[in-house]
Every structure is written in C-alpha cells, then in structure tokens.
Amino acid sequence: MIVLNCNNVDFSYGTETILNNVSFSLQENDKVGLVGVNGAGKSTLFKLIIGELQQENGEIFISKDLNVSYLKQNSALNSENTLWDELRDVFRELVEMEKSINRVEKEISSTTDQEKLESLMKEYSRLTERFSYMGGFEYNSRIRGVLRGLGFEEHEFDCKISILSGGQKTRLALAKVLLEEPDILMLDEPTNHLDIAAVEWLEDYLKSYKKCLFIISHDRYFLDSVTSRTIEIENCTSTVYNCNYSNYVKQKAVNREIQEKHYIQQQKEIARQEAYIEQQRRWNRERNIIAAESRQKALDRMEKIEKPSDLPSTIRIKFRQTIASGNDVLDVEDVSKSFDNKELFKNVSFKVKKAERVFLLGPNGCGKSTLLKILAGRLKASSGRYNYGAKVNLGYYDQEMSDLNENNTVLDEVWRVDQKLIQSEVRTALGAFLFTGEDVFKKISVLSGGEKSRVAMLKLIFSDSNFIILDEPTNHLDINSREILEDALSSYEGTLLVVSHDRYFIDKLATRIIDIGTTPAIDCFGNYTYFTEHYKKNVASVRKEQPVLSEAKQSHIATKEERSRIRKLEKQLSDTEKTIEKTETRLKELEEEMVRFATDHEKLLELNEEQQQAQHKLEELYEVWSEVTEQLEA
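Rules used throughout
Residues numbered from 1 in each chain as written. Predicted model: local features only at pLDDT ≥ 70, side-chain atom pairs only at ≥ 80, totals over all residues. Heavy atoms only, no water. Phe/Tyr/Trp six-rings, centres within 6.5 Å; stacked < 30°, edge-to-face > 60°. Helix = DSSP H or I, 4+ residues; strand = E, 2+ residues; numbered from the N terminus. Buried < 20%, exposed > 50% of the residue type's maximum accessible area, 1.4 Å probe, protein only. Lys NZ or Arg CZ within 6 Å of the ring centre and 35° of its normal. Domains from an automatic or database assignment. Contact = heavy atoms within 4.5 Å. Buried area = accessible area lost by both parts, 1.4 Å probe. Salt bridge = Lys/Arg side-chain N within 4 Å of Asp/Glu carboxyl O. Polar contact = N/O pair within 3.5 Å; in protein donor to acceptor, adjacent residues only side chain to side chain. Core = buried A, V, L, I, M, F, W, Y, C linked by side-chain atoms within 4.5 Å. Axes fitted to C-alpha atoms, helices over the stretch in contact; angles between N-to-C directions. Parallel < 35°, antiparallel > 145°, perpendicular 65-115°, else oblique. Left-handed = near helix turned anticlockwise from the far one by under 90°. UniProt positions renumbered as here; feature names shortened; annotations may be inferred. Pairing = 2+ DSSP bridges.

Draft legend 1. How the structure looks around the packing of aromatic side chains. Counted according to the given criterion, the structure contains 15 aromatic pairs. Ring geometry for phenylalanine 131 versus phenylalanine 137: centroids 5.4 Å apart, planes at 80°, classification edge-to-face. Between tyrosine 221 and tyrosine 528, the ring centres sit 5.8 Å apart and the planes meet at 90°, which makes this aromatic pair edge-to-face. With a gap of 307 residues between them, tyrosine 221 in helix 8 (residues 220–226) and tyrosine 528 in helix 17 (residues 528–538) connect regions that are remote in the sequence. For tyrosine 221, a relative accessible area of 25% corresponds to the partly exposed category. Accessibility expressed as a relative area gives 3% for tyrosine 528, which makes it buried. The structure contains a cluster of three or more aromatic residues connected by ring pairs, namely Phe24, Phe46, Tyr70 and Phe214. Its guanidinium or amino end placed over the ring of phenylalanine 152, arginine 171 lies 4.5 Å from that ring's centre, counting from NZ or CZ. Positioned above the aromatic ring of tyrosine 276, the side-chain terminus of arginine 295 is 3.9 Å from the ring centre.

Draft legend 2. Structural detail: the domain arrangement of the chain. Once the domains are mapped, the chain shows domain 1 (1–67 + 182–242), domain 2 (80–179), domain 3 (251–301), domain 4 (328–543) and domain 5 (564–633). At the junction of the two partners, domain 2 supplies 13 residues and domain 5 supplies 10 residues. Carbon and sulfur atoms make up 61% of the surface buried where domain 2 meets domain 5, a total of about 860 Å² over both sides. Here domain 2 and domain 5 share 0 salt bridges between them. Joining domain 2 to domain 5, the criterion identifies 1 residue pair in polar contact (both at pLDDT 80 or more). Those elements giving two or more residues to the side of domain 2 that touches domain 5 turn out to be helix 3 (92–110) and helix 4 (114–133). If you tally residues by element for the side of domain 2 that touches domain 5, the top one is helix 4, at 6 residues.

Draft legend 3. Expanded view of the nonpolar core. Counting 55 residues, the largest nonpolar core has Leu147, Leu174, Leu178 and Leu206 as its most contacted members. Top element by residues in this core is helix 6 (residues 166–180). It accounts for 7 residues. Beyond its immediate sequence surroundings of up to four residues, leucine 178 is in contact with Val146, Leu150, Leu185, Trp201, Leu202, Tyr205 and Leu206. Formed by 47 residues, the second largest nonpolar core is a distinct cluster that contains Phe435, Val455, Ile468 and Leu489.

Draft legend 4. Layout of the packing of helix 3 against helix 4. Between helix 3 and helix 4, the least distance of the axes is 10 Å, while the angle of their chain directions is 155°. It follows from the interaxial angle that helix 3 and helix 4 lie roughly antiparallel. Here helix 3 and helix 4 pass one another in a crossing that is left-handed. Contacts between helix 3 and helix 4 pair Glu93, Leu94, Met97, Glu98, Ser100, Ile101, Arg103, Val104, Glu105, Glu107 and Ile108 from the former with Lys116, Leu117, Leu120, Met121, Glu123, Tyr124, Leu127, Thr128, Arg130 and Phe131 from the latter.

Draft legend 5. Structural view of the UniProt feature "coiled-coil region" (unreviewed entry) in the chain. Feature annotation in UniProt places "coiled-coil region" (unreviewed entry) on residues 87–114 and 559–624, given in this structure's numbering. Spanning residues 87–114, this segment combines 79% helix with 0% strand, and its end C-alpha atoms are found 40 Å apart.

Draft legend 6. Region of the structure containing the sheet that holds strand 7 (residues 212–216). The strand order across the open sheet built from 6 strands is 5-6-7-3-8-9, with neighbouring strands paired in mixed fashion. Every interior strand has two partners, whereas the edge strands, strand 5 (68–71) and strand 9 (237–241), have only one. Within the sheet, the average angular offset between the axes of one strand and its neighbour, ignoring direction, is 15°. Across 5 bridges, strand 6 (residues 184–188) lies against strand 7 in parallel orientation. Among the inter-strand pairings, isoleucine 184 is bridged to a residue of strand 7, identified as cysteine 212.

Right, here's the structure in full:
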C-alpha cells in the first residue's frame, strides 16, 4: 500500500529553484534513503511533506489516518522535563489509563454497593485489557531500552533536559521519535552525535522497524545497513533507485555511462543526417530538394536523447608534503588525563610509524578528542609523555575548528598560513574548494559548518604537514565531499592519526585501529571490517589466551553442544506445556470462584487480581512456547 506519494513537486526560494518536478512514492514497509549534496533540497523536501513549507506546484499525498513523525537536525524538547518524563510523555494515553486503573481499584476496595461494584469490575476489566493490548506493561522497559541503546546511563534518566549538551539533546529527540512508532518515520541525520556502538544499536532497531522509514543521512555504512531503496536529489530533481546506497552508486555510474554513450551516438547520427541534408540542398535539383525535405522530416521525428546533466560541483583536494619524516613519527607512553579528579583515560601507550594511517576508536566520552588535543599541544596530560620523531611537521584539524579567526575573511584566513603565496594562488585553491567570486570575502563568522570545514581543510593543505591529526574530519561534509577527502588521504604519502565515527571512511583508509575504550586498549592492524572481527572475537575474553583446538576436536565439541542445546529446549518445551495446562485450569477455577463469591467484595477483588496475573502469565508462556518451538524446528 502506498503511504506517501509526491507528484511533480516544485519549490523555490525567491528566484532560486530548489526542487523541480520531484516525483516518487513510498510503500508501507519501505526503508528509503534520501541522498544528495549539501544544499540539494533534502531537508526542504521533508519540510514540504510535513506541511512546514508549501510546494508551488504538484501534489503531496499521505494516506488517510496515518501519522508522520519527523526528527529534525535540531528538534525542540521541553527543557524543564527530565529525560524520563520527556519520553514518558510519548505514552501519555497509557499513563492516564494507568491512573484510571488505580482509581477504579481504590473505588472497588471501598464500595459496598453491589450494583456499583459490578459496574466497576466491568470497567476495571475493560481498562486492564486495553492497557495490556496497548503495551501498558512494557512501556517503561521500552523507554529504558531506547535510552540505554542511544548511550544514556541510568543515573542520567532523572537529569533535567536543560543541562544536556547539544549532542545529548539530539539523541534524546531521536529516542522520543523512535518510541512514537509512527506509520511514516522521517529522520534527518539520525547518526549525528552517536558513537559507533549507538549507531549499530540504531541500525538493528531500524532494521526491525515494521513501518515506513524515510532517512536523510551522510553515513554510507548506515544507509547500506538499513535502507533497501535510494532517492537521489540532484540538479533539483529526483531519481529513484531500488537498491541500497552502495548499489545506487554503481547503478548511477552505469546509467550515466549508457546515457552518455547513446547521446554521443545520436549526436553523430544527427550531424551525419544534417550534412546529407545540406549537401542535397546545395545541389538544388528537384529530386535533391525532395530527398532533403524527406530526411529533414525523419530527423524532426527522431526522439532526442537528453545530454546527461552536469554533476554537482565538488571540491578538489591534494595534500602537499615537502619534507619526509623519519620512520619513528610518534611515541606515546602512559599518557593519562583527568578533569576535576575524574579520570578520562589512563596509561594510553602506542607508537606510530611513518605512512601509517591510525584511527582511534572508543565510545563517546572516553577521551579520544582530548587525547588528540594533548598530542597537538593544545592540552596538558595529567601524566605520561609523548615524543615526536625527526623531521615531523605536524598538522592538526580540530572538529570544533577553534583555530579559525571569526573576524577574518575566507581569503585572509587561508592566506595567513603561508604569506609567501600570491593572491592568485590562494584564490585558485579557494575555487577548488567551491569558494568563488565574492565568497572569498565572506567573514568566517557567517559561514556554515560545511564551509568552515572546507576552510580548515584548505589551511591544513597549505601547512605542508607530513603528519596530520584529524578530529572528526567528515563532520559537516556531504557524501561526495567525504569520498573526495578519502581519495585525497589515500594518496597522501605522510602519516595520519584520526578520530572518526564514519565507519565507511575508517574502512577505506585505516591501516591500523586502536580502541582506547577498553582496558587495555585493543591495537589492531587492519581496516574496520577486520577490526570488528578481531574485536568481537577478543574483547569479550579480555585478551585471555584460549587453547588452540584441532578441527576434529572443535567438531566434536560443537556436536555435543548442539545435542545438549536440543535436550534443554525439549525439556523447556515440556515444562512450558505443563505450566500452560496448569495456568489454563487455574483460570477456569477463578471464573467459577468469582461467580461463587460475587457478594464478597474483598474476595472478589483478590480473585480478579489473580485472574489478571494469570492471564498475563499465560500470554508470556505462549510466547515462550512459540519461540522454543521455532528454535527446535530451525
């Protein structure tokens, strides 16, 4: 069933066309990624769908009685609420129903009027049945599960929203919209401010989401994991691909190549036909004129193939390196950092060799960015030491971009890195980074996050560093810019030390990964794919040495474990069936006793409570029975 349909939608800001003839439809179980460069109109399209903006032409249709939730990049929250209260508000109908159930319980316990009691019992039964059906017994555990999954600790649940950081508020807004479970869930950059563990939790949550998902994201790993369709906004219009992000990239390249080939072939044929027509007209005999007119009519009837649209402008990056460093680039020994007697990390040690591309991983708050600041000389370590090798020229990219002078123009800010450059050289470089014309005279203070990121990156290029420290370099970059940065860093001959949550970026570049979120830190030579395999195999055992077993021994152990598993499941199934039978028998007895004690109010209340508990237990038993049966049949 189609839940959302956009047909020939147009939208402009003043004289600038943002969207033109955008058309697509979403099905009720679709998981769709919306992609395009920064400024392509993705967030604008979302605002049109929810009615925050109004399209100039075209239609947007949402199926009747369906609810839509939209997580903006900056969603509003009630700052006076605690985290728990804010999320509990999602279930306000259940909360009110819970209050009604408690009220009815009190009235039942105090009433002596038989007729009123019967009425209250019916109301109580109706309320509890509906409460159970709507998930009233589970909503508290759902809140707790989502908060923990998105990286909040139990002690934070009762904190006021007003004291949260911007990143924490974004995570809380995401938790809220997930718990709402709308028919169409629209998420705008949901992985911002999430560490890798939280992103992986979110992926698992969304993969099992039973309704329609529409997601804007620059996280390619996330899109590949969650989505099965991709809609691209490029040159103001939309193209639909029935595949995930990676396959969309391949399909788009193939489609463009085919279209370009057909276009060139047709243009050659048109040129040949036009030359023939011109020649016949020059000869100017009757039969030549007839031939020319006939060929012209055929040419006019030809269905013209459109020239492939120009791709969006992209930045061009090439890192310079004037002097090669020695083989030993960095030696970190037992570096620790504490703030206000609170330990952030302790005794971090590692060495970096020339041309290595080392990525630091770990959960949010474990001190990755702080460690980079220490190594870049911006902070002092609480203890430990670090030394740079011979001929190391350090460059540092700060995710907060605190090195940028807000009062400078773009041109002056880049030029001050190397005063020996002439203005034309600087302006040429700025043009490669999409700063053209009057853009170079903009103040740093008025730039967007993505524009500031480009300025900081260009300054790094002009620094001629042979060892670069990068703190979240892909923040504020769209997918095209991330891929260009990846290519530039892949061909960089110097050494890299990077913090990033972009798994696609890590997987493509890393030659070594150090996870400082574990004690001791995990040091793995390889990319992200290899690291995840290494991590899952080794971290649980905290590097305990396991005896090596032969394949025959492993097979024997596996067979014994499988037989043991089946025996346990069969016993669990038998025990569950017996318990089900006993519970069903007890429910029948309770019905008979409630008839018998209809005039005994206290006894009746007691029996009713036991009946509710038995019914709830029976539902759980049937779920267990179903799960065990499926495991035995698998």
